[in-house]
Each structure stands twice: as structure tokens, then as C-alpha cells.
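# Tertiary structure, described
Residue-level listing of the chains:
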Amino acid sequence: MSKLEKLVEELSTLSVLEAAELSKLLEEKWGVSAAAPVAVAAVGGAAAPVEAAEEQTEFTVVLVDGGDKKINVIKEVRGVRPDLGLKEAKDLVEGAPQNVVENVSKQQADEVAKKLTEAGAKVQVK
């Protein structure tokens, strides 16, 4: 396995929050921005039209792994999803990967992910 393939494998294990933190650290270290570059193509003096990608507005928080402290994670799931009883929350945590919340704002998704991560779970925001 090449050096780059190993690096890709290691980076694939990062949570969304960890990947965002890594991005910020690299921006600071190298003095660059991770923003997507704007492609401007000049063909015969005319610029090709560039379509702006639609920004995602609804997110889903996925519980990837309940972690070692499942009781704490179950408590946080019940805090985030008051519609779930104790058994349903336990089943959700033990049945990971499972969607915890769906179609929520970026801010709400980040808050839920932070709470679950602090409780010991591994989560992804999609």
C-alpha cells in the first residue's frame, strides 16, 4: 500500500468535526484556504459560465458507533429526541449506524453532533 493510500485510509476514520478541525489547522500552518477554487476558463477571450453549486441546507446526523459509554450516549439521544422512550433510544444506539436526526439546519446538526461526541459516540453529519 502506498504512502498516499495509507493517508487516505487514516483520514477516512475522522469524524466530521475532526476533519473540520484538521482543515483549520492546515490552513493556519500553510497559510492557505480550503475554499473551493473558482474555475475561470478563457476560451478565445470569452469566459465559460460557471454554475454555482447548490449549498446544502438540510443535514442528517448519523450515529456511527455508540462508543464505550453507551449509557451517556443513550441519555444524550433522549435529550435530542424526546419523542423516543428509553428502549427506543437504547435500540437506536445499539443498532448503529442509525440516523439520530434528519433534515435539520447545519447549526442544529453541529450541536447534536457535538453533544453526542462529547458523550462518547462517533457521529457523522451528512
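This is a predicted model, so every value here is computed, not measured. (Residues numbered from 1 in each chain as written. Predicted model: local features only at pLDDT ≥ 70, side-chain atom pairs only at ≥ 80, totals over all residues. Heavy atoms only, no water.)

Moving on, we get to the confidence of the model for the protein chain. Scored by pLDDT, the protein chain has a mean of 78; 83% of the residues are at 70 or more. The low-confidence segment residues 38-43 (pLDDT under 50) makes four contacts with residues lying over four places distant or belonging to another chain. (pLDDT = per-residue confidence, 0-100. Contact = heavy atoms within 4.5 Å.)

The subject of this paragraph is the pairing of strand S3 (residues 59-65). Each regular strand displays side chains that alternate between the two surfaces of the sheet. The element S3 is extensively covered by neighbouring structure, given that five of its seven residues are classed as buried. Summarising the sheet, S3 and strand S4 (residues 98-104) pair through four bridges and their orientation is antiparallel. Paired with Val62 across the two strands is Asn99, which belongs to S4. Relative to strand S5 (residues 122-125), S3 runs antiparallel, the two being bridged by four bridges. The residue of S5 that forms the bridge with Val62 is Gln124. (Buried < 20%, exposed > 50% of the residue type's maximum accessible area, 1.4 Å probe, protein only. Helix = DSSP H or I, 4+ residues; strand = E, 2+ residues; numbered from the N terminus. Pairing = 2+ DSSP bridges.)

Time to look at the pattern of salt bridges. Across all of its chains, the model carries four salt bridges by this definition. Lys90 serves as the salt-bridge partner of Glu94, at 3.3 Å between the closest nitrogen and oxygen. A residue pair is termed a helical-turn pair when its members lie 3 or 4 positions apart in one helix, as Glu94 and Lys90 do in helix H4 (residues 86-94) at four residues. Taking the shortest distance from any N to any O, the salt bridge between Lys106 and Asp110 comes out at 3.4 Å. With Lys106 and Asp110 both in helix H5 (residues 106-118), this residue pair falls four residues apart, about one helical turn. (Salt bridge = Lys/Arg side-chain N within 4 Å of Asp/Glu carboxyl O.)

Glancing now at the packing of helix H3 (residues 70-80) against H4. For any two helices packed against each other, the geometry is given by the interaxial angle and the distance between the axes. It is at 9 Å that the axes of H3 and H4 come closest, and there the two elements cross at 120 degrees. The orientation of H3 relative to H4 falls into the category oblique. Along this stretch, H3 crosses H4, giving a crossing that reads as right-handed. In this structure, H3 uses Lys70, Val73, Ile74, Val77 and Arg78 to contact H4, whose residues at the interface are Leu86, Ala89, Lys90, Leu92 and Val93. (Axes fitted to C-alpha atoms, helices over the stretch in contact; angles between N-to-C directions. Parallel < 35°, antiparallel > 145°, perpendicular 65-115°, else oblique. Left-handed = near helix turned anticlockwise from the far one by under 90°.)

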